[in-house]
Each structure stands twice: as C-alpha cells, then as structure tokens.
Amino acid sequence: MTLEPVHILLVEDNPLDAAVANRMLDMLGAELPVTPTHVVNAEKAFEEMARAHYDLMLLDYQLPGVNGIEVLHRIHGLPRDRQPAVIMMTASGSEAVAVEAMKQGAKDYLVKGALDVPSLRRAITSALIQKQLETEVARYNEQMAMDLKMARELQFALLPHRFPVFPPKATPERSLLKFYPVYIPATTLAGDFFDVFALSDHEAGVLICDVMGHGVRAALVTAMMSVLEGRDRAAAAAEPGLFLQKLNAGLLEILQHTDQLLLTTAFYLVVDLRRGELRCADAGHPRPFHLRGRTGRVERIHCAAGAVLGLTEGTYPTTTISVEEGDLLVLFTDGVFEVADENGREYGEERLQAALQRRAALPPAPLFAETLDEARAFSATKEFNDDVCLLGIEIGGFARE
Amino acid sequence: MSELVAVDSQVVEKLLALGGPEFARQMFDLFFQYAPEKIAQAHGAAAAGDWEGVEMAVHPLKSSAGHVGACRLQALARQIEGLARARQGETIPALLKELDDAYAQVKPLLEQIRQNMK
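First, a word on what this report is: a plain description of the structure on this page. Everything numeric here is computed off the predicted structure, so don't read it as measured data.

**Structural notes on the overall build of chain B**
The helix and strand tally for chain B stands at 4 helices and 0 strands. Along chain B, helices (α) and strands (β) appear in the sequence α-α-α-α when read from the amino end. Counting over 118 residues, chain B shows a buried share of 40%. Long-range contacts, defined as pairs at least 24 residues apart, comprise 64% of the intrachain contacts of chain B with a sequence gap of at least 6.

Encoded structure:
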C-alpha cells in the first residue's frame, strides 16, 4: 500500500538546525513518507500556507522578531482546514515555553539538542492523529449544532404563537382574555412547554408543564406532551382532572417502552368566562399565583394536587375557584425561582410572590420583565440555570349568556 | 570554560552516523559560514547596549555549536545568552572576547576533522 506523503512545513532560521531536521525527515522511511518544505521565518511560513496545504508544521520557537506562541495564535486565525498540526521545536532548558506552547494548541514539542529520528517519527504520527481526531470531533459538533438548531426551531413551532380571543370575533386588543408568555430555554432545547386553546366561545384551556431536566431528552418529552394534549383535548379538556389523567396515561404508555424515568410536572386550568370561574388540576407543578384585580393581592391558587406525570397511573382532582374581572393568573415553571445566590440560598417561591406583589399595579408585560430581572439579579451567575416559562392570563371581563 | 574540550568527538560521530561524511561536511561548512555572522551580530548589538540583540545572536550560535561538537563555544554562548536575557550586560563584552578566542581555537580543529572525514 502506498501512503500519501505528509506535507510538512519546517520553519527554522538556523541553517544547521534546519539541515539536521531535514536529514531526519528524510530518514523517516516508507512507513511515514513526508514532503518537507523549509522556510526561514514566520512571514514566509504564512505565504507558504496561503499557497499550499500543509498537514504539519515543525516550528522553531525562537524565530527572528517573533516567538512560536505568536505564530500559533496566527495559525488559529486561519480557517480550520488550513491549520496544520504544530510541533514546537525548542532549545534545551525551554520546557516552560514548551508547556505554554502545548496550552496554546501545539500538538507536541521537541528539544532540538535531543532530537532523534524515532522521537521525531513518534511526535509527527501522534500530532497527525490528534489533528485528525480534532477535525472529526469539530465536524461532529457542527453537525450536532445544526441538528439542535433545527430541533429548537421545531420545538418553538410547537408553542402557541397566536392566542384564542374571546368572544371569537373580538380583536386581540378587545379580547376578554389576554395571554402574556415568557419562554427562556436554558440550553438550545428546553423541557418546558405550554399551550393555550379555545374549548368553546367562552372557555380557554391552558396547560403548562415542565419535563425533568433539559436538553434533547426533555425536548422529546415536551413534543410527546404536545401530541398527547392535542389528541386528548376534544374528549377531556373541559374537565381538568380527567385531562391530566389522560395525559398521564398516554405518557406512561409511551414511556413503558423505555427504561428511563422521565417525570413531568403539569398544571392545567380552564377559564370559564360565563361562570366567572377557573377549574384546575395539578400534577406536582408549582401552583400558580392569582393576582386579584379588586384588592391588588397576590395569592396562591389552592388546587388539590396529584402525582407528577409519567410516574404511575392515578386520578387528579379538579378544583374550582372564582375569578373576577381585572384578575391576572400567573403560571410558571420552577426555573423562575430555582436560582441561588452566592451563599447557596434559593430565590424561592415566597420571594417570587413578594416580587409580584410589589409590582402588582404594573401591566403584565413590565410586571413579568421586572420580576424576572429581580430573580436573575439574585442569582450568583446573574442567569437562570433552568428553562424558564411564565404565562400570564389577564381576565378583562366576562361573556354574557 | 577552559576545562571543556574544544570539540566533542562523540557529537561528530553522531553527525556522521546521522548523514554520513557528506552531510557532516555540509554541516561544518554551514557552521563556518553561520557562526562568524552571529558572533559579529553579537558584538554589534553589545556595542549598542542592545542586550536583546545579543541574546538573539548567541541563541542560534548555541545550538549550531552543539551540532558540530564545539563545546566551549556552546557553553560560552549559553552563558552570554543568560546574561543578556537578564539584561546584565557588564561582563558580556569580556565574554564576547572569550567567544572570539573560542571560535578562533575551534575553527582549525573542526577544519582538520572535516578534512579527515571519510
């Protein structure tokens, strides 16, 4: 078998060092055929790399007017497919320099005074393998990033982008129910999901759920939830407890084919604009807040809770609560309040409630923006650590019979 | 420095083993051409108080001398490089004079070795 020659650029200003290196390259033999080109400074090296492709560079650390680290930085500025693997050639006693070169991306270093053919062969072979692995990993990462980008776009497509209006012929501005979503994924793909749909001309169904974890696994489950809630909507969505029960059964049916425990918390509510009430059911999800327009007080919605989805079959009780014109319902996932400060203290639901209370007079959009800013500022990282989903439902009035 | 032998014959043997007499002669010729250039550069830089220039001149001289086994020259170049890097220039002129002497001493020895290479 004939091996392709390795194109090597030797960058060395000292003619004796260059002669020795060239001689050793000649002696590498048929198992590592090489085509060496010798240049005497960095400028010539970059001219040469612009002219032809080089697999590997043997780079003298101490070149006229420039050191090897600076050359390495310039090489990193080249397109990846033009970057050769670099082996730094140093003088004896320059081990610290060599370590720095390796940190900056050199694949290996050789001490010129101790150079011999076996160590040169070993260094070149190892550097080429490293370079090839890096190229493969980079290509794989690029493919993965493209896949994740597409998955993220698909996931966003599952979220509602238009909201129902009540009554059905009302303009969005004059709708009796208005929706204010905030959705911030922690990674490219999120485990939070919400949906809003009209059940009748006076009833809206609102589902929010949070799949344990985030990333691809969680995103797949949110996609399943989207399918399941669409499937079960007609049969059960007017009855929140029954709806969650059906979602849970559907999820368990799918998950039985995996050995993974994929838990999902969910809260589902129906706002009934004729009866002036909301009916809700809870599957282990943080309970929403109810900002009462008449009193300006922020209260928790007390809803009987069932087990998280995806764990076991069970029933979910439905709770009915009266609502009034001017009320705002605030649904959210735990990413909103599960942030910790420098001392490890959690922001928590009580602080979240207090933050909403302090701003209760604000319209929903600035209310949410300022509240999220406060939680973010509390965090030691000044960022949310998990997916964040927050959904406001503003009740502007009631429908007549 | 005087206790060092002027030429390390083992280094010359290694050179011969690496590339044979033709290659070794080529290395000696390169050295005769390159070393005086670098020594002159070091003198010029020292006269201007340019210690970085001295360092840049003697650094390649150090490895070049090593390739032909010129031990004393190599050791002096290393010493001067260290002083120049530390910007301790007081003793450098005297050491450069020693460097001239060392080169003058080793050159005929190397020429003789070159001539006797088979």
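Additional details are given in the paragraphs that follow.
**Thoughts on the overall build of chain A**
When you go through chain A residue by residue, the secondary structure sums to 9 helices and 18 strands. Taking all 401 residues of chain A together, the buried fraction comes to 37%. Pairs at least 24 residues apart make up 69% of the contacts formed inside chain A by residues separated by at least 6 positions.

**A look at the environment of R162 of chain A**
Turning to its location among the elements, R162 of chain A is positioned in the loop between α5 (117-158) and β8 (177-184). Here the alpha-carbon distance between R162 of chain A and P172 of chain A, two residues 10 residues apart in the chain, equals 9.6 Å.

**Let's talk about the interface of chain A and chain B**
Counting residues at the interface gives 12 residues for chain A and 15 residues for chain B. Broken down by element, the side of chain A that touches chain B gets its largest block of residues, 6 residues, from helix α1 (residues 15-26) of chain A. Taken together, the residues that form the side of chain A that touches chain B break down as 5 nonpolar, 3 polar and 4 charged.

**Examining the environment of I113 of chain B**
All names here are of chain B. Examined against the element boundaries, I113 turns out to sit in helix α4 (residues 92-116). Taking C-alpha positions, I113 is 9.2 Å from R25, a pair spaced 88 residues apart along the chain. If near-sequence neighbours (up to four positions away) are discounted, I113 is found in contact with V7 and V12.

**Some words on the nonpolar core**
Core analysis: the biggest nonpolar cluster contains 72 residues, and V11, I87 and M88 of chain A together with I80 and L99 of chain B have the highest contact counts within it. No other element matches helix α1 (residues 9-47) of chain B, which puts 11 residues into this core. With residues near it in sequence (within four places) discarded, M88 of chain A still touches L59, Y61, G68, A98, A101, A106 and Y109 of chain A. In terms of nonpolar packing, the next biggest core, distinct from the first, is built from 66 residues, Y268, C280, V330 and V336 of chain A among them.

**Observations concerning helix α6 (residues 216-236) of chain A**
Residue and element names in this part refer to chain A. When the terminal C-alpha atoms of α6 are compared, their 29 Å separation across 21 residues agrees well with the 30 Å that a helix rising 1.5 Å per residue should span. Considering bend angle alone, the principal kink of α6 is centred on G230 and spans about 30°. Residues A218, A219, V221, T222, M224, M225 and E229 constitute the buried set of α6. The elements touched by buried residues of α6 are α5, β9 (192-198), β10 (203-211), α7 (240-255) and β11 (264-272).

**Looking at the packing of α5 of chain A against α6 of chain A**
Residue and element names in this part refer to chain A. Between α5 and α6, whose axes approach to 10 Å, the crossing angle comes to 30°. By the criterion of interaxial angle, the relationship of α5 to α6 is roughly parallel. Once α5 is placed against α6, the crossing between them reads as left-handed. Contacts between α5 and α6 involve A151, Q155 and L158 from the former and A219, T222, A223 and S226 from the latter. Across the contact of α5 with α6, the residue classes break down as 4 nonpolar, 3 polar and no charged.

**Quick word on the sheet that holds strand β1 (residues 6-11) of chain A**
Residue and element names in this part refer to chain A. On the basis of which strands lie adjacent, the open sheet formed by 5 strands has the order β2-β1-β3-β6-β7 and parallel pairing. If you trace the sheet from one side to the other, it starts and ends with β2 (34-39) and β7 (108-111), each paired once. Across this sheet, the average inter-strand angle for adjacent strands is 20°, counted without regard to direction. Packing of α1 onto the sheet brings it into contact with β1, β2 and β3 (56-60), and relative to β2 it is tilted by some 170°. Its contacts with the sheet place helix α2 (residues 42-51) against β1 and β2, and it is angled at close to 160° to β1.

About the cut-offs
Residues numbered from 1 in each chain as written. Chains lettered and ligands numbered in written order. Predicted model: local features only at pLDDT ≥ 70, side-chain atom pairs only at ≥ 80, totals over all residues. Helix = DSSP H or I, 4+ residues; strand = E, 2+ residues; numbered from the N terminus. Buried ≥ 20, exposed ≤ 12 C-beta atoms within 10 Å, placed from the backbone. Contact = placed C-beta atoms within 7 Å. Nonpolar A, V, L, I, M, F, W, Y, C, P; charged D, E, K, R; others polar. Core = buried A, V, L, I, M, F, W, Y, C linked by C-beta atoms within 7 Å. Expected span 1.5 Å × (residues − 1). Bend = angle between axes of the 7 residues up to and from the residue. Axes fitted to C-alpha atoms, helices over the stretch in contact; angles between N-to-C directions. Parallel < 35°, antiparallel > 145°, perpendicular 65-115°, else oblique. Left-handed = near helix turned anticlockwise from the far one by under 90°. Pairing = 2+ DSSP bridges.

Fair warning: the whole summary comes from geometry, so function is off the table for now.
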